[in-house]
Amino acid sequence: MRSTLKHSAHAVSLAAGRATSAGRVLPSFLIIGAQRCGTTSLYRALSRHPLVMKPVLRKGVHYFDMAYERGLPWYRAHFPLASRARALRFRWGHAPQAFESAPYYLFHPLAGARIAGDLPGVKLIALVRDPVERACSAHAHELARGFETEPCFERALALEPERLAGEDERLRTVPGYASHAHRHQAYLARGRYAEQFARLEPLVGRDRILVLDSGLLFRDPGAAYDRVLGFLGLPRLGGVEFERHNARPREAMPASVYRRLREHFEPWDALLVPWLGAVPSWRR
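Now for a description of the structure that goes with this document. Computed from a predicted structure; not experimentally measured. (Residues numbered from 1 in each chain as written. Predicted model: local features only at pLDDT ≥ 70, side-chain atom pairs only at ≥ 80, totals over all residues. Heavy atoms only, no water.)

Moving on, we come to empty space enclosed by the protein. Going through the model one piece at a time under the given rule, you end up with one cavity of 30 Å³ or more. Lining the largest cavity are Tyr105, Leu106, His108, Pro109, Gly112, Ala113, Arg199, Leu200 and Leu203. Counting only elements with at least two residues in the lining of the largest cavity, the list comes to α6 (111–118) and α11 (193–204). With three residues, α11 is the largest single contributor of residues to the lining of the largest cavity. In terms of residue class, the lining of the largest cavity is made up of six nonpolar, two polar and one charged. (1 Å grid on protein atoms, 1.4 Å probe; cavity = no way out; pocket = protein on both sides within 12 Å on 5 of 7 lines; lining within 4 Å. Points joined across faces, edges and corners; volume = space filled by probe spheres on them. Helix = DSSP H or I, 4+ residues; strand = E, 2+ residues; numbered from the N terminus. Nonpolar A, V, L, I, M, F, W, Y, C, P; charged D, E, K, R; others polar.)

A full pass over the atoms with the stated rule returns eleven aromatic pairs. Aromatic pair Phe29 and Phe99: ring centres 4.8 Å apart, planes at 15°, arrangement stacked. A residue pair is termed long-range when its members are at least 10 positions apart, and Phe29 in strand β1 (residues 29–33) and Phe99 in strand β3 (residues 97–101) qualify at 70 residues. Using a relative accessible area of 0% as the deciding quantity, one classes Phe29 as buried. Judged by its relative accessible area of 0%, Phe99 falls in the buried class. Both rings, one in Tyr75 and one in Phe79, keep their centres 5.0 Å apart while their planes meet at 75°; by these two values the pair is edge-to-face. (Phe/Tyr/Trp six-rings, centres within 6.5 Å; stacked < 30°, edge-to-face > 60°. Buried < 20%, exposed > 50% of the residue type's maximum accessible area, 1.4 Å probe, protein only.)

In structure tokens, the structure reads:
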């Protein structure tokens, strides 16, 4: 019953948003991933900033990956009215910024080009963590949500090449195609972060991409928060409180699996140094 009411409320709100889409703002920045790297924590911290406007309905609209055929007016309908932005600017003397957080944007092969085309000048924020831990966390997350049917993490890793075979190309070439495996079962592929940043860089430029080490984010959230605000050109207004969200219990990873995966990701982690300005925290 509660789910039905929530869905109905969303439908009514979206219908109203579409009717007034011309008078709504588009995002100035996006949190694009990576999945299971602290995106929800950063989203909630930024949502508390007086000059940051979150989506009306949910944290991630998933327009640039799963709903692009709906068109830009549909996307705009998810964001606050421009009149609210004007009121905030009058109150605080600084332009507010709208945003959303959708961690599949970083990994989807078409999302970057779509974002660059529809949101010129947009800034992108990505978070990264130990890709070995990320893979294990993602498996537990997808298993709990029913999107993964293989309970053994090591077996799921072995299935990944077969599951993902040809999916990237189909996403690029088949209009409206959606891949369950690409979105929910890419445990190793999603952890090759530098590969995804290399795809984004020529589309939006490195100066508009901020990459944060999640380990440092939770170790020193104040410094990380100030870095984000500096990147966005927003003033510090009040304190900041970071909390961990969406953590799930999982079985301990066998040491042999951890060593194998750590070796697998070593060259990819090395490519992150220019993006982070330092060796990743999990390699120190």
